[in-house]
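The chain contents come next:
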Amino acid sequence: MVCGESGSALITGGGISGLSLASMLVESGWKVTVLEKCGRLGGRASSYFDRRTGELVDNGQHALIGGYVNTLEFLKRIGSADRLEFTEPFEIGFFDGNADRHVLKFPAIPAPLNLLAGLLKYTAMSFGDRLGAFASGVRMRRLGASIMEDITVKTMMDILGQSEKSRKNFWDMLSVAALNELPERASAKMLRKVVEQMFLVKKEYMRLALPRNSMHDLYVGSSKEYIEMNGGRIR
């Protein structure tokens, strides 16, 4: 499908992928219809009204990184990129099961030194596990494409020999935050892509972005308005 040529397209599914494709096509002059069988758009990145609390509740991945080039281009296209707040350097604080606070902070230095520097100061893992996590991050790139295609994050951690504490306090959290999925189900191939983009490509990619508004405001409302404003239809 060449976006530079006008035509007609029927897109089944109004998740983020469908909305992103629709916005790209209408921008290029295509006549687009998006079909969504559920009552709301956005798929796993949407919001819903909780009648019990009277609040708008988000469903889906909140944290984005600077390496999500296509996602950020999509948000720029629909006019909602300014609803993201970037933190530099990358820093996240959390409490473990013992109520001890830890901070995961990666400095804005060239890759992969940013990953090494951040892990070396990360107190939620032993020194050996920190070095092991760094080595595994680098080794991921060497795993064959055929191996990575159909395995989960958990299986990849088994192959890389990561300890239980390393998984619990780093890899599992990264899997849930970046892929919105548990390591038992998350794609190893996708996590490797995230690690490459965050830690092994450009230091500019290591920025954490959090939405200032709801998931609906960030993705759904703006994309629906943009698609319909440019002649598309959503049913």
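Residues numbered from 1 in each chain as written. Predicted model: local features only at pLDDT ≥ 70, side-chain atom pairs only at ≥ 80, totals over all residues. Heavy atoms only, no water.

### Let's talk about the overall build of the protein chain
- Counting secondary structure elements, the protein chain contains nine helices and 10 strands.
- The C-alpha atoms of the protein chain give 20 Å as radius of gyration, which agrees with the globular expectation for 235 residues (18 Å, within 12%).
- Once the C-alpha set of the protein chain is aligned to its principal axes, its extents read approximately 55 × 45 × 30 Å.
- Counting over 235 residues, the protein chain shows a buried share of 44%. (Helix = DSSP H or I, 4+ residues; strand = E, 2+ residues; numbered from the N terminus. Rg over C-alpha atoms; globule rule 2.2 N^0.38 Å. Buried < 20%, exposed > 50% of the residue type's maximum accessible area, 1.4 Å probe, protein only.)

### Looking at the packing of aromatic side chains
- Counted by the stated rule, this structure contains one aromatic pair.
- Ring geometry for Phe 170 against Trp 171: centres 4.7 Å apart, planes inclined by 70°, an arrangement best described as edge-to-face.
- Since its relative accessible area comes to 3%, Phe 170 is described here as buried.
- Just above the ring of Phe 86 sits the side chain of Arg 207; from NZ or CZ to the centre is 4.0 Å. (Phe/Tyr/Trp six-rings, centres within 6.5 Å; stacked < 30°, edge-to-face > 60°. Lys NZ or Arg CZ within 6 Å of the ring centre and 35° of its normal.)

### Some remarks on the sheet that holds strand β6 (residues 84-87)
- Overall, antiparallel pairing links the three strands, which are arranged β5-β9-β6 in an open sheet. The open sheet has two free edges, formed respectively by β5 (64-65) and β6, since each of these has just one partner strand.
- Looking at chain direction, β5 and strand β9 (residues 208-211) are connected through two bridges and run antiparallel. Paired with Ile 65 across the bridge in β9 is Leu 208. (Pairing = 2+ DSSP bridges.)

### Considering the packing of helix α3 (residues 113-120) against helix α4 (residues 127-139)
- It is the contact of α3 with α4, at a shortest axis distance of 9 Å, that shows an interaxial angle of 165°. Overall, the two elements α3 and α4 adopt an arrangement that is roughly antiparallel. Crossing hand, α3 versus α4: right-handed. When α3 is examined against α4, the residues Leu 115, Leu 116, Leu 119 and Leu 120 are found in contact with a partner set consisting of Phe 127, Arg 130, Leu 131, Ala 133 and Phe 134.
- In terms of residue class, the contact of α3 with α4 is made up of eight nonpolar, no polar and one charged. (Axes fitted to C-alpha atoms, helices over the stretch in contact; angles between N-to-C directions. Parallel < 35°, antiparallel > 145°, perpendicular 65-115°, else oblique. Left-handed = near helix turned anticlockwise from the far one by under 90°. Contact = heavy atoms within 4.5 Å. Nonpolar A, V, L, I, M, F, W, Y, C, P; charged D, E, K, R; others polar.)

### Some details on the nonpolar core
- By size, the foremost hydrophobic cluster in this structure holds 62 residues, and its most contacted members are Val 32, Phe 106, Leu 119, Met 156, Phe 170, Trp 171 and Tyr 219.
- Counting residues per element, this core draws most heavily on helix α8 (residues 188-201), which supplies seven residues.
- Dropping the residues within four chain positions of it, Phe 170 is found in contact with Leu 104, Phe 106, Leu 115, Leu 119, Tyr 122, Met 125 and Ala 133. (Core = buried A, V, L, I, M, F, W, Y, C linked by side-chain atoms within 4.5 Å.)

### Description of the pattern of salt bridges
- Within the structure shown, the criterion is met by nine salt bridges.
- Between Glu 149 and Lys 189 there is a salt bridge, with its nearest N and O atoms 3.3 Å apart. You can see Glu 149 sitting in the loop between α5 (145-148) and α6 (153-160) and its partner Lys 189 sitting in helix α8, a full 40 residues away along the chain.
- For Glu 149, a relative accessible area of 42% translates into the label partly exposed.
- One salt-bridge network, held together by shared partners, links Lys 154, Asp 158 and Arg 167. (Salt bridge = Lys/Arg side-chain N within 4 Å of Asp/Glu carboxyl O.)

### Some details on the side chain of Ser 80
- Here Ser 80 lies in the loop between α2 (69-78) and β6.
- A polar side-chain atom of Ser 80 sits 2.7 Å from the main-chain carbonyl oxygen of Leu 218.
- Once residues within four sequence positions are removed from consideration, Ser 80 is found in contact with Leu 75, Asp 217, Leu 218 and Ser 222. (Polar contact = N/O pair within 3.5 Å; in protein donor to acceptor, adjacent residues only side chain to side chain.)

### Brief notes about the side chain of Arg 192
- Mapped onto the secondary structure, Arg 192 falls in helix α8.
- One buried charge, Arg 192, has no salt-bridge partner; the nearest side chain with opposite charge is Glu 196, at 4.3 Å.
- Other than its neighbours up to four places away in sequence, Arg 192 contacts Met 140, Arg 141, Leu 143, Ala 145 and Met 148. (Lys, Arg positive; Asp, Glu negative; His and termini not counted.)

### Quick notes on the environment of Met 140
- Position of Met 140 relative to the elements: it lies in the loop between α4 and α5.
- On a C-alpha basis, the gap between Met 140 and Lys 189 in space is 9.3 Å, while along the polypeptide they are 49 residues apart.
- Those residues in contact with Met 140 that lie beyond four places of it in its chain are Met 156, Met 157, Leu 160, Trp 171, Arg 192 and Val 195.

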